[in-house]
Amino acid sequence: MICPVLHATLKHSLRRFQLTRCCYCTSPKFSEKNGTIELLGKTYQTDHVTNIRSSLIPKIGISLHNMKHHPLNLLKQQIVDYFYKNFINRQKNPVFSVYDSISPVVTLHQNFDSLLVPVDHVSRKPSESFYLNSQYMLRAHTSAHQSDLIRTGLNAFLVFGDVYRRDTIDSSHYPIFHQAEGVRLYRGQELFSKMNITGDYQIFENGEKNETKQPLHTKEAVMILEHELKSTLESLAFELFGKDVETQWVDAYFPFTHPSWELEIKFQGEWLEVLGCGIMEQELLTSAGAGDQIGWAFGLGLERLAMRLYSIPDIRQFWRYNDTGFMSQFAVKDPSTPIKYKEVSSYPQRIYNMSFWLTDGYSENDFYDLVRNVGGDVVEQVRLTDDFYHPKKKRKSHCYEIVYRDMSKSLSKEEANIIHKQIGEAASRELGVENRWNL
C-alpha cells in the first residue's frame, strides 16, 4: 500500500512537494524484542529471513538528498530543474511531479513482483537485500514505487530516495545510497501529436518480440519513445557535466524494460556508466492499470554522479552532514554552481589481513555486512585477495585485506587491533568460519 499521506496529497495534483511524515515516515527508531522489530513507527514480526542489523537503523530516514547544502540535494535540485524546464504543458506548468520522501520500507511485491523480477533472480537472495521479514524489506531501488504511483493516475514523475543493498566494501559502495527514478507515459494520439506526426499510426499491435521492441508495441511508437528518452538523458548529462562531455549508449537488460540501455560518459579518459533506462514492459503498465499507455523509465545513482561531479573520493564522505568543513563547501544559492570538493583532513590507513576456512552456505556479502556492522564507518575497504582450495583437506579458504581509517581522527594501532579481533570473533561465531590467521 502507498503511504496514506501520499495518496491523499496526490488527489490534489501537486507538482512538487515533500511528503508530510506520517506513521511510515517518522524519525529513525529501532528496537528488537520478543521476535519483533519496531522501525519507523511500525512493528514487524521477525522470521527466518530477517537480516537487518541494528547498526544500519540510525541512518534510515535521514534522507541526505533532502538536506539543505548537501551535495546530493544540489544534484537532486539540478535534475528537478532540468525536467521542469524541458517538460512544460500548455498551461506552462511542469509536467513532472516529484516525490522525495516515500518510506523505504516496502513489500516484496513492490520491490520485485511489480517489476517482473524473476523468482530466481539473484537480487532476491537474503545475501543481496535487507529483509525485515518474509513480507517486508528495505527497498533495493526507487523503482519499487512505480506501480503504486502509476496506479494513482500519474503519467510523468520523478522519485528520489534512499535505497539499501548488501554489497562489497570499498570507496564507491555503501549499504545505503540514493537513487533518482523517472517515468513518462503516453497515450497513442498524445505521443504522435507531440512529434507533429499525422496519419493512422497506432502504439499497439499483435506482433512478435525482438531485440528492438515488445510484442504489443509498434515500431513507430518505440522509435519515438527511444528518441525522446535518449535525447532527454543525453541533454541531462550535458547539463550536469558540460556540453563537451562524450556520451555513448550500450545495450542492457532489466526485467522491467525492453529494449533497455545504459548511458556512459567519458570521464577522466574512461567510460563511466551513469544510468540505466528503457521502454517500460507493457505487462507492468497493464498490472498498474495503465494498459492503454506506453512509456519510458530511467534510474540513476546520485552518489555515483555526485562523486564525479564534485570530485568526492570516498562514498562515506556523504555521511559527514554534521561536519561544517564538509557541508560548507556546498552552501551555494545556485545548485548548478561548479564545486570541486577539497579534502578536509586525511588520516593514515591501518591495513590488516584475515583468513579463514569457509563453511557450506558461506556468502561474501554476509561477511561484508558483518564487517560493516562491527567496524562501522571505520572500515574503508574489504578486498578478497585469495580464494584457495586445499586438495587434501578438501576445504576452501578466503583471505581478505581489511583497510581501517577513521574519517575524524588518527586511528591508533591498538584501536584497529581491537576492531579487527572483534570482526574475527564475530565471523567465527555468526558465520561458522574457522580462522586461519589474522594479521
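Residues numbered from 1 in each chain as written. Predicted model: local features only at pLDDT ≥ 70, side-chain atom pairs only at ≥ 80, totals over all residues. Heavy atoms only, no water.

- Under an unreviewed UniProt entry, the name given to the protein is Phenylalanine--tRNA ligase, mitochondrial, and the organism recorded is Mytilus coruscus.
- Turning to the protein, the UniProt annotation filed under Subunit (unreviewed entry) states: "Monomer." (UniProt positions renumbered as here; feature names shortened; annotations may be inferred.)

1. Regarding the nonpolar core
Alright, step 1. Within the largest apolar cluster, 75 residues are counted, with the highest numbers of intra-cluster contacts made by L39, F83, L138, W296 and L300.
Alright, step 2. With near-sequence residues (within four places) excluded, L300 lies in contact with I79, H178, Q179, A180, L236, V274, L275 and L305.
Alright, step 3. Membership of the second largest hydrophobic core comes to 26 residues, among which are Y131, A144, L154 and V183. (Core = buried A, V, L, I, M, F, W, Y, C linked by side-chain atoms within 4.5 Å. Buried < 20%, exposed > 50% of the residue type's maximum accessible area, 1.4 Å probe, protein only. Contact = heavy atoms within 4.5 Å.)

2. Thoughts on helix α6 (residues 219-241)
Alright, step 1. Here α6 spans 32 Å end to end across 23 residues, near enough to the 33 Å set by a 1.5 Å rise per residue.
Alright, step 2. Three or more residues of α6 are buried, namely A221, V222, I224, L225, E228, L229, K230, T232, L233, L236, A237 and L240.
Alright, step 3. With its phi angle positive at about 105 degrees, G242 sits one or two positions after the end of α6. (Helix = DSSP H or I, 4+ residues; strand = E, 2+ residues; numbered from the N terminus. Expected span 1.5 Å × (residues − 1).)

3. Description of the pairing of strand β3 (residues 36-39)
Each regular strand carries side chains that alternate between the two faces of the sheet.
Alright, step 1. Strand direction decides the pairing type here: β3 and strand β4 (residues 42-45), joined by four bridges, are antiparallel. In the sheet register, I37 faces β4, and the bridge partner there is Y44. (Pairing = 2+ DSSP bridges.)

4. Some points on the layout of surface pockets
Rolling a probe over the atoms, with the probe sized like a water molecule, indicates the empty space that remains.
Alright, step 1. For the largest pocket, the calculated volume is near 1200 Å³.
Alright, step 2. Residue lining of the largest pocket: 45 residues in total, with A140, H141, R165, F177 and Q179 positioned closest to the centre.
Alright, step 3. Those elements giving two or more residues to the lining of the largest pocket turn out to be β9 (176-186), β10 (247-254), β11 (257-267), β12 (270-280), β13 (294-301) and α8 (302-310). (1 Å grid on protein atoms, 1.4 Å probe; cavity = no way out; pocket = protein on both sides within 12 Å on 5 of 7 lines; lining within 4 Å. Points joined across faces, edges and corners; volume = space filled by probe spheres on them.)

5. Focus on empty space enclosed by the protein
Alright, step 1. On inspection of all chains with the given rule, the structure shows two cavities of 30 Å³ or more.
Alright, step 2. Estimates place the volume of the second largest cavity at around 60 Å³.
Alright, step 3. What lines the second largest cavity is simply L233, L236, A237, L240, F241, V274, L275, L300 and L305.
Alright, step 4. Broken down by secondary-structure element, the contributors of at least two residues to the lining of the second largest cavity are α6 and β12.
Alright, step 5. Per-element accounting of the lining of the second largest cavity gives the leading share, five residues, to α6.

6. Here we look at the pattern of salt bridges
Alright, step 1. Scanning the model with the defined rule gives 23 salt bridges in all.
Alright, step 2. A salt bridge links R124 to D113; its shortest N-O distance comes to 2.7 Å. You can see R124 sitting in the loop between α3 (108-111) and β7 (136-138) and its partner D113 sitting in the loop between α3 and β7, a full 11 residues away along the chain.
Alright, step 3. With a relative accessible area of 17%, R124 lands in the buried category.
Alright, step 4. A salt bridge links E434 to R395; the shortest N-O distance between them is 3.1 Å. (Salt bridge = Lys/Arg side-chain N within 4 Å of Asp/Glu carboxyl O.)

7. Structural notes on the pairing of β9
Alright, step 1. Burial within β9 is extensive, with 11 of its 11 residues counted as buried.
Alright, step 2. Residues I176, H178, A180, G182, R184 and Y186 of β9 are buried on one face, and the alternating residues F177, Q179, E181, V183 and L185, pointing to the opposite face, are buried as well.
Alright, step 3. Pairing analysis gives nine bridges linking strand β8 (residues 156-164) to β9, with the strands arranged antiparallel. For L158, the partnering residue across the bridge sits in β9 and is G182.
Alright, step 4. Examined bridge by bridge, β9 and β13 share eight bridges and lie antiparallel to one another. Within β13, the position partnered with V183 by the bridge is A297.

8. Regarding the domain arrangement of the protein
How big an interface is tends to be stated in terms of the accessible area lost upon association of its parts.
Alright, step 1. Domains assigned within the protein are domain 1 (36-324) and domain 2 (350-435).
Alright, step 2. For domain 1 and domain 2, the distance between their C-alpha centres works out to 33 Å.
Alright, step 3. Listed per partner, the contact involves 21 residues of domain 1 and 18 residues of domain 2.
Alright, step 4. When the two sides are added together, the surface that domain 1 and domain 2 hide from each other amounts to roughly 1700 Å², 43% of it contributed by carbon and sulfur.
Alright, step 5. By the criterion of area lost to domain 2, the three top residues of domain 1 are R53, I169 and R316, representing 48% of everything that side buries.
Alright, step 6. For the pair domain 1 and domain 2, the interface holds six salt bridges.
Alright, step 7. For the salt bridge of D366 with R166, the shortest nitrogen-to-oxygen distance reads 3.0 Å.
Alright, step 8. Broken down by class, the residue content of the side of domain 1 that touches domain 2 amounts to four nonpolar, eight polar and nine charged. (Domains from an automatic or database assignment. Buried area = accessible area lost by both parts, 1.4 Å probe. Nonpolar A, V, L, I, M, F, W, Y, C, P; charged D, E, K, R; others polar.)

9. As for a nonpolar patch on the surface
Alright, step 1. Together, M195, I197 and Y201 make up an exposed nonpolar region whose accessible area comes to about 230 Å².
Alright, step 2. Within the secondary structure, Y201 sits in the loop between α5 (188-194) and α6.
Alright, step 3. Of the residues examined, Y201 reaches a relative accessible area of 35% and is grouped as partly exposed. (Patch = residues over 30% accessible without salt bridge, like charges linked within 9 Å, V, L, I, M, F, W, Y side chains within 5 Å. Areas by Shrake-Rupley, 256 points an atom, 1.4 Å probe, with all protein chains shown as cover.)

10. A short note on the side chain of Q317
Alright, step 1. Note on placement: Q317 falls in the loop between α8 and α9 (324-327).
Alright, step 2. At 2.8 Å, the side chain of Q317 and the side chain of R320 are in polar contact. (Polar contact = N/O pair within 3.5 Å; in protein donor to acceptor, adjacent residues only side chain to side chain.)

11. Some thoughts on unusual backbone geometry
Alright, step 1. The omega torsion across H258 and P259 is -5 degrees, close enough to zero to call that bond cis.
Alright, step 2. For P259, the position within the fold is in strand β11.
Alright, step 3. Despite not being glycine, L40 has its phi angle at roughly 55 degrees, a positive value.
Alright, step 4. Residue classification places L40 among the buried positions, given a relative accessible area of 3%.
Alright, step 5. Positive phi, close to 60 degrees, is recorded for S311, a residue that is not glycine.
Alright, step 6. Among the secondary structure elements, S311 is positioned in the loop between α8 and α9.
Alright, step 7. The class of S311 is partly exposed, set by a relative accessible area of 34%.

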